[in-house]
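Structural features, examined
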Amino acid sequence: MANIFSDNFNRADNTDLGVNWTGGNNFFQIVSNEVTQTGEFFSDVKRITVSTPNANYTVECDVRLGTANSRPGVFARFTGTDISDSSYYGLRIIPISSALQIIKNVAFTETSLAIIVLPFVLGQVYRLKIQVDGIEVKGFLDNVLRLTANNPDISSQGHGGIFCTSSSVSTFWDNFSVDELPITFPDELFQTRRMLNQP
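Presented here is a report on the structure given in the accompanying data block. Keep in mind the model is a prediction, meaning the values are calculated, not measured.

Scanning the entire structure with this criterion turns up seven salt bridges. One salt bridge in this structure joins K104 and D153, with 2.5 Å as the shortest N-O distance. Placement of K104 in strand β9 (residues 99–106) and of D153 in the loop between β13 (144–150) and β14 (159–164) is noted, with a sequence separation of 49 residues between them. Between E136 and K138 there is a salt bridge; the shortest N-O distance is 3.8 Å. A single salt-bridge network, built from bridges that share partners, covers E60, D62 and R127.

This brings us to the sheet that holds strand β8 (residues 87–94). The sheet built from seven strands is open, its strands ordered β2-β5-β14-β7-β8-β9-β10 with antiparallel pairing. A strand with exactly one partner marks an edge of an open sheet, and here the two such strands are β2 (21–22) and β10 (109–117). The sheet contact formed by strand β5 (residues 44–48) and β14 spans four bridges and is antiparallel. The residue of β14 that forms the bridge with D44 is C164.

Attention now goes to the environment of R146. In this structure, R146 sits in strand β13. Judged by its relative accessible area of 38%, R146 falls in the partly exposed class. For the pair R146 and I115, spaced 31 residues apart in sequence, the C-alpha to C-alpha distance is 8.9 Å.

Burial along strand β3 (residues 28–31) is one-sided: F28 and I30 are buried, while Q29 and V31, pointing the other way, are not. Taken together, the four bridges between β3 and strand β4 (residues 34–37) define a ladder with antiparallel strand orientation. Bridge pairing in β4 links F28 to Q37.

Take unusual backbone geometry next. Only a minority of non-glycine residues have a phi that is not negative, and only a minority of peptide bonds are not trans. Even without being a glycine, S32 presents a positive backbone phi close to 55°. Mapping S32 onto the fold places it in the loop between β3 and β4. One non-glycine residue with positive phi stands out, namely N143, at about 65°.

The next subject is the side chain of D7. Position of D7 relative to the elements: it lies in strand β1 (residues 2–7). Classification of D7 as buried rests on a relative accessible area of 8%. A polar side-chain atom of D7 sits 2.9 Å from a polar atom in the side chain of W21. Those residues within four positions of D7 in sequence are excluded, and the remaining contacts are W21, N175 and F176.

A separate point is the nonpolar core. Within the largest apolar cluster, 38 residues are counted, with the highest numbers of intra-cluster contacts made by L100, I162 and F176. With residues near it in sequence (within four places) discarded, F176 still touches F5, S6, D7, F9, W21, I48, V59, E60, C61, G160, G161 and I162. Of all hydrophobic cores here, the second largest spans seven residues; its members include I83, Y88, I103 and F163.

Rules behind the numbers
- Residues numbered from 1 in each chain as written.
- Predicted model: local features only at pLDDT ≥ 70, side-chain atom pairs only at ≥ 80, totals over all residues.
- Heavy atoms only, no water.
- Salt bridge = Lys/Arg side-chain N within 4 Å of Asp/Glu carboxyl O.
- Helix = DSSP H or I, 4+ residues; strand = E, 2+ residues; numbered from the N terminus.
- Pairing = 2+ DSSP bridges.
- Buried < 20%, exposed > 50% of the residue type's maximum accessible area, 1.4 Å probe, protein only.
- Polar contact = N/O pair within 3.5 Å; in protein donor to acceptor, adjacent residues only side chain to side chain.
- Contact = heavy atoms within 4.5 Å.
- Core = buried A, V, L, I, M, F, W, Y, C linked by side-chain atoms within 4.5 Å.

What follows is the structure, encoded as C-alpha cells:
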C-alpha cells in the first residue's frame, strides 16, 4: 500500500498539532511526542488536511488507553468541521465495556455497525486500523481483522483522523498513518488478459 500521510508527533509540546491537522474544538495537544486530550468529558475530532486520491484507504494509529470511560479511535471518510456537524466511519475502543466497535457518525448521531467484546488493559498500547473499501468497512486491532460491516451511506473520500467520544484524558495517540489501498481487478479481467497473452 502507498503511504498518503504519516505523523509520529515527534515535536515540541503544543496545543496545535501542526499545519497538517485541522478541525475540532482544540481539545487535543502534543505532549512528550504523543497526542492526548486536554479536558474532561469532551468529545472531539482532529482530521488531516492531506487529501486521499480516492475513497478507499486505511487509517491507523497507536492508542494507549487512559481511563475506563475513554472512547478513543480513528476515523475515515470524514467530512465536516467538528464532531457536531461531521460524517465519518470510526473504529474505537470502549474499555469500560471491553469492546471494539465500528460506528457510523452523521451530525453527532452514532450508529453501531459492528461490535466485539475483547479484553482491554488500561495503560497498554493497541494498534487501531480502520479500512474503507467501497461499502465495506473493516476494523483491525493489532493488525488482526476483528470486525467487518457493510454500509453505503458515506461514500465521499473525506479525510482520515483521530477522535474521542468521551473523556479521554490520559489516553494517547501516536504513529498515525493513512495508506491508499492497492487497486484490484476482477478475476474475469485477469482471465481475459491471460487468454489474450497480455501482461
